[in-house]
Each structure stands twice: as C-alpha cells, then as structure tokens.
Amino acid sequence: MLIYRLLLLLKFVGVVLYGGGLVGALAATESRDRKRAVHAIASPGLVVTWTAGYLLTLQFNIALTEAWVLGGLTLSLVSQLALVAMATRGQRTVAGALWAAVPFFCVLVLMVFRPRWPWVDT
C-alpha cells in the first residue's frame, strides 16, 4: 500500500508540474520565458506523470489498452505538442492555448472517471 501511495503522490507531482508549466507558458509574455516553462517545467512533469502512471498500471495489472489509459496518453501528447509548437513559434494564440489546455482537462477527466472498454479484460 505504501508503494501505491508513493506512486500516486509522484503522479500528482507530475500533473502539478505539467499544469504549472502549461499555465506558465500561457501566461508568459516573453518567448524565452514561454520556452523555459514548456521545456523545464511542463515536459519533465509529463515524463514524471507517464512514468508514475505506467508503474501504477503495472502494480494493479491494468491493461494499457484501457480506454482511459489510451485516451490519457493520446490527449496528453496532443497537449504537449501544442505547447512545444507554441514555444517554438514564439507566439501565443487562442487556438494554441485551446489545443494545449482542453486536452489536458480531458486527461484529468479520464483519470478521474476511468471509462473502460467492455471487451478489455484486466
């Protein structure tokens, strides 16, 4: 049970880092600050989140083909790519912000409600 709690804490820290990097990138007024928020905060946060999530699936023998796992991986990648594109271009746009923030919110919804495919056996 202790390992589960530590992994859950690690995943939470990763999500907070990613969310903080996302907000920092969207709030930054200079391109240099935006790049720092994306590459120094959000990207490592995503790596921590994915690593802890993978270890949690191993601990509970959860299939990586579950709807919420696949959706979370895909949508978090979309969000990250939108952040990297925004940092690379050096400008903020409403569309870029939406492409980064909306998938992140959807990932959070998937992680809380965990919808399942009926045919996937765990």
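In case you missed it, the structure is sitting above this.
Our subject in this report is the structure included herewith. Only a predicted model underlies this, so the values are computations on that prediction, with no experimental measurement involved.

## Observations concerning unusual backbone geometry
- Non-glycine residue N61 carries a positive phi angle of around 55°.
- Looking at N61, the relative accessible area reads 58%, which means it is exposed.
- Unusually for a residue other than glycine, R114 sits at a positive phi of about 45°.
- In this fold, R114 is placed in the segment after α4 (94-113).
- For R114, a relative accessible area of 43% corresponds to the partly exposed category.

## Some words on the pattern of salt bridges
- Taken as a whole and assessed by the stated rule, the structure comprises three salt bridges.
- Between R32 and E30 there is a salt bridge; the shortest N-O distance is 3.7 Å.
- Taking the shortest distance from any N to any O, the salt bridge between E66 and R116 comes out at 3.1 Å. Here E66, found in the loop between α2 (31-59) and α3 (67-89), pairs with R116, found in the segment after α4; they are 50 residues apart in sequence, far enough to count as distant.
- Taking the relative accessible area as the measure of exposure, R116 reaches 47% and is therefore partly exposed.

Scoring rules and cut-offs
Residues numbered from 1 in each chain as written. Predicted model: local features only at pLDDT ≥ 70, side-chain atom pairs only at ≥ 80, totals over all residues. Heavy atoms only, no water. Buried < 20%, exposed > 50% of the residue type's maximum accessible area, 1.4 Å probe, protein only. Helix = DSSP H or I, 4+ residues; strand = E, 2+ residues; numbered from the N terminus. Salt bridge = Lys/Arg side-chain N within 4 Å of Asp/Glu carboxyl O.

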